[in-house]
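Understanding the architecture of this molecule
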Amino acid sequence: MSNLVRLPQAFHRAPRPSPADHAPETEAETQFALGLEQGLEGALPPAEAAPVLDRRGPMRPDRLSPTRRRLQGQAYAWAFQAVDGLYLLVAGLVAFAIGPAPAGVYATPALAVMISLSLFETYGFRSRQGLAYHLAQTSVAAAVGVLTAIALLSAFLPLPAVVTALGPWTVAAFLGVYGLHGVWWMMVRRWRVDGRLTPNVVVVGATPAAERLIGEAIRSGEMNILGIFDDRLARVPSALRGVPVLGDTQALLDHRIMPYVDRVIVAVPTGARDRVRQVIAALRPLPNEISLLLEDEIAPVDAVAVRRNQTISDLPLARISGPPRHLGRAITKRTLDLVVGVAALVLALPIMALIALVIRLDSSGPILFRQRRQGFNNEEIVVWKFRSMRHDLADARARQQVQADDVRVTRVGRFIRRTSLDELPQIFNVLAGEMSLVGPRPHAIGMMTGDVESARLVAEYAHRHRMKPGMTGWAAIHGSRGPVDTPADVRRRIQLDIEYIERQSIWLDLYIIAMTIPCLLGDRQAVR
């Protein structure tokens, strides 16, 4: 039984050129062209014999979405089930209120229909499944559920009475579930077109295993492979099955596409243990999830630390590292952000209006200060704050961190920075989903510690971006707030941030929120 919204096919075919524009030059190209003409699902682009001009590849969606906006299929499958179940429950209550039959007569078919919908995998939404097929599948599942319920109830009640009582309910149930699943199918289709439901992947290693993985991805649509990276650029083709080779491992670390990548798959042969170690070590600074594609059934456990095995397109993967993946915990955390964020905004609006007024009266310049900072998975986000510095001396890139008695800070700025009231506008970042109430504090892009960029002082610096940044956090309540002036300060903050990410829970978040105000009041010596 599967309740997953399956990862969709994102193979967007470009408009097919006419024969006059391009004639297949090889037998492989001819077979691929015939496959497209005949609609064959297994048709694959041929291996490249010449440089590929299109650097987007066959699976790159029309619009890239940051990983924080990626939709979790399982969560939406649960939501669809909940709405279906609620509708059947309401229909049963209405039928019970106006009909003569007991409540159990309506509860039994409602439960049977829900079980049948799940057994028939109607919440799978396969990528190649059309609307007509899905609605037919839904109708069959609902019919099986109703007939099963009638068979069960007829063992205790007369069959004519059961059929008579369930007649109006059955019609309402069919129409409602039929309409709802039409809506679900259209929503899933739109998310697929937007590229928000399918994970984006890059592959390290232009190997035969990578080529097989690309073929499976095109056939199944379970992931978008955006590019390939390989240190042996002089020995590998410019593309595999249309997916471009974008550079070497160093290029991968700095590539602008990485904030949109959910997973890095290492396709290096598992038997080449030294090379596996080297690749994993080179990818260590990334916040993205890293998995090893296993070419055999046994992972080289002495070569890498394998945490959990998975499969994609029936190909085995070993998860090496990456952000924590707890769907229930993520949903709970986002719910907490919305509920507490809305309440905090309502309570803070009068204070925010007063702060805005005194900033306007104290110095010239805008009331709000915008700064680009690093968010989840190294995504660049714009963080809002009340302006606390003189506008002509503003430092949006944090090249010089604030010092004690900093002449750039205004009179009002000293107070709102000391009390962290300057960060109240970040509630809007929380509500927008760019930040969380609790998490590692967002650092400015290119922030300097002395003469060195802070990110270069700790190899695991980007690991703090494996979770959304927060208005407050574990580091903040342990005294690591404000500027980090020395490498030791940077290392301590990163250590506290990673400790929080590994321990995160709803109870820890509530504890940090409760401790934030006492810590701020008792931390008057901190330079901010």
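Here the structure is shown first, and the text comes after it.
Parameters and conventions
- Residues numbered from 1 in each chain as written.
- Predicted model: local features only at pLDDT ≥ 70, side-chain atom pairs only at ≥ 80, totals over all residues.
- Heavy atoms only, no water.
- Helix = DSSP H or I, 4+ residues; strand = E, 2+ residues; numbered from the N terminus.
- Buried < 20%, exposed > 50% of the residue type's maximum accessible area, 1.4 Å probe, protein only.
- Contact = heavy atoms within 4.5 Å.
- Areas by Shrake-Rupley, 256 points an atom, 1.4 Å probe, with all protein chains shown as cover.
- Salt bridge = Lys/Arg side-chain N within 4 Å of Asp/Glu carboxyl O.
- Expected span 1.5 Å × (residues − 1).
- Phe/Tyr/Trp six-rings, centres within 6.5 Å; stacked < 30°, edge-to-face > 60°.
- Axes fitted to C-alpha atoms, helices over the stretch in contact; angles between N-to-C directions.
- Parallel < 35°, antiparallel > 145°, perpendicular 65-115°, else oblique.
- Left-handed = near helix turned anticlockwise from the far one by under 90°.
- Nonpolar A, V, L, I, M, F, W, Y, C, P; charged D, E, K, R; others polar.
- Patch = residues over 30% accessible without salt bridge, like charges linked within 9 Å, V, L, I, M, F, W, Y side chains within 5 Å.
- 1 Å grid on protein atoms, 1.4 Å probe; cavity = no way out; pocket = protein on both sides within 12 Å on 5 of 7 lines; lining within 4 Å.
- Points joined across faces, edges and corners; volume = space filled by probe spheres on them.
- Pairing = 2+ DSSP bridges.

A closer look at the overall build of the protein
The helix and strand inventory of the protein stands at 14 helices and 14 strands. Evaluated residue by residue, the protein yields a buried proportion of 49% over its 528 residues. Counting only contacts in the protein whose residues sit at least 6 apart along the sequence, the fraction spanning at least 24 positions is 74%. In the form shown here, the protein has an accessible surface area of approximately 25800 Å², with 61% of it arising from carbon and sulfur atoms.

Focus on the pattern of salt bridges
Where charged atoms from two side chains of opposite charge come close, those side chains can pair. Applying the stated rule across the entire model yields 18 salt bridges. Residue D230 pairs with R275 through a salt bridge whose shortest N-O separation is 3.9 Å. With D230 in the loop between β2 (224–229) and β3 (239–240) and R275 in helix α8 (residues 273–282), this pair connects stretches of sequence that are 45 residues apart. Residue D230 is classed as buried on the basis of its relative accessible area, which comes to 1%. Of the residues examined, R275 reaches a relative accessible area of 25% and is grouped as partly exposed. Notably, a salt bridge pairs R284 with E460, separated by 2.0 Å at the nearest N-O pair. Of the two residues, R284 is situated in the loop between α8 and β6 (289–293) and E460 in the loop between β13 (452–453) and β14 (470–472); the sequence distance between them amounts to 176 residues. Through salt bridges with shared partners, a single ionic network connects R263, E289, R319 and R325.

Section: the environment of L119
One can find L119 in helix α3 (residues 103–119). Judged by relative accessible area, which is 54%, L119 ranks as exposed. Taking the C-alpha atoms as reference, L119 lies 8.1 Å from A141; in sequence the two are 22 residues apart.

As for helix α2 (residues 73–98)
Here α2 is 26 residues long and its end C-alpha atoms lie 38 Å apart, about the 38 Å a rise of 1.5 Å per residue gives. Where the residues of α2 are buried, they touch α3, α5 (159–194) and α9 (327–362).

Re unusual backbone geometry
Excluding glycine, residues mostly carry a negative phi; peptide bonds, for their part, are mostly trans. Positive phi values are uncommon outside glycine, yet E121 reaches one of about 55°. Within the secondary structure, E121 is located in the loop between α3 and α4 (131–153). Although it is not a glycine, N377 adopts a positive phi angle of roughly 60°. The topology assignment puts N377 in the loop between β9 (368–374) and β10 (380–386). Given the relative accessible area of 5%, N377 is considered buried.

Section: the packing of aromatic side chains
As enumerated under the stated definition, the model contains 4 aromatic pairs in all. Their ring planes at 15° and their centres at 4.5 Å tell us that F80 and W184 sit as a pair that is stacked. Placement of F80 in helix α2 and of W184 in helix α5 is noted, with a sequence separation of 104 residues between them. The class of F80 is buried, set by a relative accessible area of 3%. Connected via pairs of aromatic rings, a cluster forms that spans Y76, F80, F125, W184 and W191.

Brief notes about the packing of α2 against α3
Relative orientation of the contacting elements α2 and α3 amounts to 160°, with a least axis distance of 9 Å. Considering their axes alone, α2 and α3 lie roughly antiparallel with respect to each other. Here α2 runs over α3; the crossing is right-handed. Of the residues in α3, those touching α2 at Q81, D84, G85, L88, G92, A95 and F96 are A103, Y106, A110, V113, M114, L117 and S118. Taken together, the residues that form the contact of α2 with α3 break down as 9 nonpolar, 4 polar and 1 charged.

Let's talk about a nonpolar patch on the surface
A surface patch of nonpolar side chains, amounting to about 600 Å² of accessible area, comprises L86, L89, V90, L93, V94 and I98. Assignment of secondary structure puts V94 in helix α2. Accessibility expressed as a relative area gives 47% for V94, which makes it partly exposed.

Digging into empty space enclosed by the protein
For the coordinates displayed, the defined rule picks out 2 cavities of 30 Å³ or more. Considering only enclosed or pocket space, the second largest cavity measures out at about 30 Å³ in volume. Lining the second largest cavity are L88, V113, A142, V146, W169, T170, A173, F174 and V177. Among the elements of the structure, α4 and α5 are those that each provide at least two residues to the lining of the second largest cavity.

Side note on the pairing of strand β4 (residues 243–247)
Burial of β4 is extensive: 4 of the 5 residues sit out of reach of the surface. Across 2 bridges, β2 lies against β4 in parallel orientation. In the sheet register, F229 faces β4, and the bridge partner there is G247. Bridging between β3 and β4 involves 2 bridges; their strand directions are antiparallel.

Examining the side chain of R464
Structurally, R464 is set in the loop between β13 and β14. For R464, a relative accessible area of 1% corresponds to the buried category. Dropping the residues within four chain positions of it, R464 is found in contact with P440, R441, H443, R493, I494, D497 and I501.

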